[in-house]
Amino acid sequence: SGEYNIGNMANSLTLGCDCLGEIRYFDGHSVDSLGNPWTIENAICMHEEDDSILWKHFDFREATTETRRSRKLVISFIATVANYEYAFYWHLFLDGSIEFLVKATGILSTAGQKPGEKSPYGQSLNNDGLYAPIHQHMFNVRMDFELDGVKNAVYEVDMEIPRENPTHTAFMAVDRLLETEKAAIRKTDSGKHRFWKIVNHESRNIVDEPVAYRLIPTDGIQLAAGDESYVSKRAQFARNNLWVTAYDRTERFAAGEFPNQSTGADDGLHIWTEKDRNIVDEDLVVWYTFGMHHVVRLEDWPVMPRQNIGFMLEPHGFFNQNPTLNLPTETRGANGGHCSTGNEQ
Ligand SMILES: [Cu+2]
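Residues numbered from 1 in each chain as written. Predicted model: local features only at pLDDT ≥ 70, side-chain atom pairs only at ≥ 80, totals over all residues. Heavy atoms only, no water.

J.: Quick question: what am I supposed to make of the overall build of the protein here?
T.: Across its full length, the protein carries two helices and 17 strands. Each of the three principal axes of the protein carries a C-alpha extent, and together these read 70 × 55 × 50 Å. Here the protein holds 345 residues, and the buried ones make up 40% of them. The contacts in the protein between residues at least 6 apart in sequence include a share of 61% that link residues at least 24 apart. When the accessible surface of the protein is split by element, carbon and sulfur atoms take 52% of a total near 19500 Å². Charge separation in the protein, taken as the distance between the mean sites of 32 positive and 50 negative side-chain charges, equals 3 Å. (Helix = DSSP H or I, 4+ residues; strand = E, 2+ residues; numbered from the N terminus. Buried < 20%, exposed > 50% of the residue type's maximum accessible area, 1.4 Å probe, protein only. Contact = heavy atoms within 4.5 Å. Areas by Shrake-Rupley, 256 points an atom, 1.4 Å probe, with all protein chains shown as cover. Lys, Arg positive; Asp, Glu negative; His and termini not counted. Charge placed at Lys NZ, Arg CZ, Asp CG, Glu CD.)

Here is the structure:
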C-alpha cells in the first residue's frame, strides 16, 4: 500500500453500489507525481446501516421485553491496487465501539505451472497450468490516541491461572503496564486471551479505575517470511502486532517515509523504538499490525468474494454503565408495534 500510494488509487464511489442509503460523500484531494493537484470525486462515503440488535432482555417474571437495535456509522473508501480491491471501513457503533475492517476482493494474482502438476506453494485453479500462490496481506494502523486527554498509557492484559486453584476452574485477567517502547513490541496470544488496554490514569471511572479503551487483536497475524528475507527487513513492523511510540510528528508510516526501495536500515517503527522512550503517561501513538494469511481456495476465482480482516476498539470502563440505555425504542416492529412490550402503561 505504501509503495503503490493507496490513497491516490481511491475509486469514485457509486450510489447504490458501493454505499446504500442516506449518504454524505467527500472528495479526495491529492497531488500527482509532478505536484499538480487533482481531485477524486466521491472518494469517501459516510452513511448509516442497521446492525441487528444492540441489547435485549425478556423478563420472564413480568413478561416484558425490551429490545434496542444497533446502528453503525460507516466511513469508507475503496482502492483498486492493480489486480486487487482493498475496501477500508471505519464502523462507529452506538455503544462507543469502533471497528476497522479491510475487505479484500478483486482478482487473484496468478502464475503458471506445468499442466497437470500442483505447486505446494499455491492452489491449482484448473488443470491447464494456472495456479494462485499463497500470500499475505499485512496492514498497520497508526492510532494517535487522546483518550480523555493527551497523556495515556498501555497495559497488556492476559488470562492467568492462580497457583492456589483447588477446583481447577479459577482464572484472572492480569494487567501488565508496558513502560517503554521496546517493552511494548508485542505479539498476539490467543491462548492467553490477550488484549491491550489504552488508559488515562488521570481520569477515573465509578470504581476508581483509569478510563480505558481496549484493542481486541483480531486477525493479529505476523509476517510469514523469515527475518533474513528482504521483505521482512523492509517491513519489520509486520514481525509484531503491537508497537507503542512516544508521539513524534515526523513518525508517520510504519515502514518509514520512503518505503520504495528502502533497505529497512534507517526508518520505520523498528528504528524509532531503538530510542526506547518512556510511554507511561505520555502523548503516545499505538500501532497495530494485522493481516490476512491468504491460503487461496477455488471459490476465490475468477473474482474473489470479499474477505474481512480488522480489529475492534471497545470502551473498557470508559463509561460507568451501558451508555445506550437512553436509545429510543423502535416503532417499526411487527404490527407497527414497539420493541418495548408488555409494559406500555
Ligand atoms: Cu489475497
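Picking up where we left off.
J.: So what exactly am I meant to see when it comes to the side chain of His47 here?
T.: For His47, the position within the fold is in strand E2 (residues 37-59). Take His47: its relative accessible area is 2%, and that puts it in the buried class. At 3.0 Å, the side chain of His47 forms a polar contact with the side chain of Glu49. Sequence-distant contacts of His47, that is, excluding residues within four places in its chain, are made with Cys19, Leu20, Glu22, Ile23, Lys72, Leu73 and Val74. (Polar contact = N/O pair within 3.5 Å; in protein donor to acceptor, adjacent residues only side chain to side chain.)

J.: For this particular structure, what's the right way to read the layout of surface pockets?
T.: Vacant regions in the atomic arrangement are exposed by a probe of water-molecule size rolled over the atoms. As a volume, the second largest pocket reaches approximately 160 Å³. Lining of the second largest pocket is provided by Glu48, Arg68, Arg69, Arg71, Lys72, Leu73, Leu92, Phe93, Leu94, Leu327, Pro328 and Glu330. Secondary-structure elements contributing two or more residues to the lining of the second largest pocket are strand E3 (64-81) and strand E4 (84-93). Among the elements that take part in the lining of the second largest pocket, E3 stands out by supplying five residues, more than any other. (1 Å grid on protein atoms, 1.4 Å probe; cavity = no way out; pocket = protein on both sides within 12 Å on 5 of 7 lines; lining within 4 Å. Points joined across faces, edges and corners; volume = space filled by probe spheres on them.)

J.: How should the packing of aromatic side chains be read in this particular structure?
T.: Each aromatic ring pair is characterised by the separation of its centres together with the angle its planes make. Taken as a whole and judged by the stated rule, the model has 16 aromatic pairs. Considering the side-chain rings of Phe77 and Phe88, the 4.9 Å spacing of their centres and the 15 degrees angle between planes classify their relative orientation as stacked. One end of the pair, Phe77, is in strand E3; the other, Phe88, is in strand E4, and 11 residues separate them in sequence. With 5.5 Å between their ring centres and 35 degrees between their planes, Tyr84 and Tyr86 make a pair best called tilted. With a relative accessible area of 4%, Tyr84 lands in the buried category. Aromatic rings pair up to connect Phe77, Tyr84, Tyr86, Phe88, Trp90, Phe100, Phe139, Tyr288, Phe290 and Phe311 into one cluster. (Phe/Tyr/Trp six-rings, centres within 6.5 Å; stacked < 30°, edge-to-face > 60°.)

J.: Explanation requested: the coordination of the copper ion in the structure shown.
T.: Around a metal, the perfect tetrahedron of four donors has angles of 109.5 degrees, and the perfect octahedron of six donors has angles of 90 or 180 degrees. The copper ion binds to the protein through Tyr84 (OH), His135 (NE2), His137 (NE2) and His294 (ND1); the donor distances cover 1.9 to 2.1 Å. Each of the four donor atoms bound to the copper ion contributes to angles spanning 96 to 134 degrees, and the resulting shape is tetrahedral. Binding-site remark: the copper ion is held by donors from one chain whose sequence spacing is Y-x50-H-x1-H-x156-H. Residue His137 is found in strand E9 (residues 135-143), and its partner His294 is found in strand E15 (residues 282-294); the two are separated by 157 residues along the sequence. Judged by its relative accessible area of 6%, His137 falls in the buried class. (Donors = N, O, S within 2.8 Å, 3.2 Å for Na, K, Ca; no water. Tetrahedral: all angles 85-135°; square planar, octahedral: opposite > 155°, others 65-115°.)

J.: Could you clarify how one ought to interpret the sheet that holds strand E7 (residues 122-124) in this entry?
T.: Within a sheet, neighbouring strands are paired by backbone hydrogen bonds and run either parallel or antiparallel to one another. The three strands are arranged E6-E8-E7 in an open sheet whose pairing can be described as antiparallel. Every other strand in the sheet has two partners, leaving strand E6 (111-112) and E7 as the edge strands with one partner each. Alignment of E6 against strand E8 (residues 130-133), held across two bridges, turns out to be antiparallel. In the sheet register, Ala111 faces E8, and the bridge partner there is Tyr131. (Pairing = 2+ DSSP bridges.)

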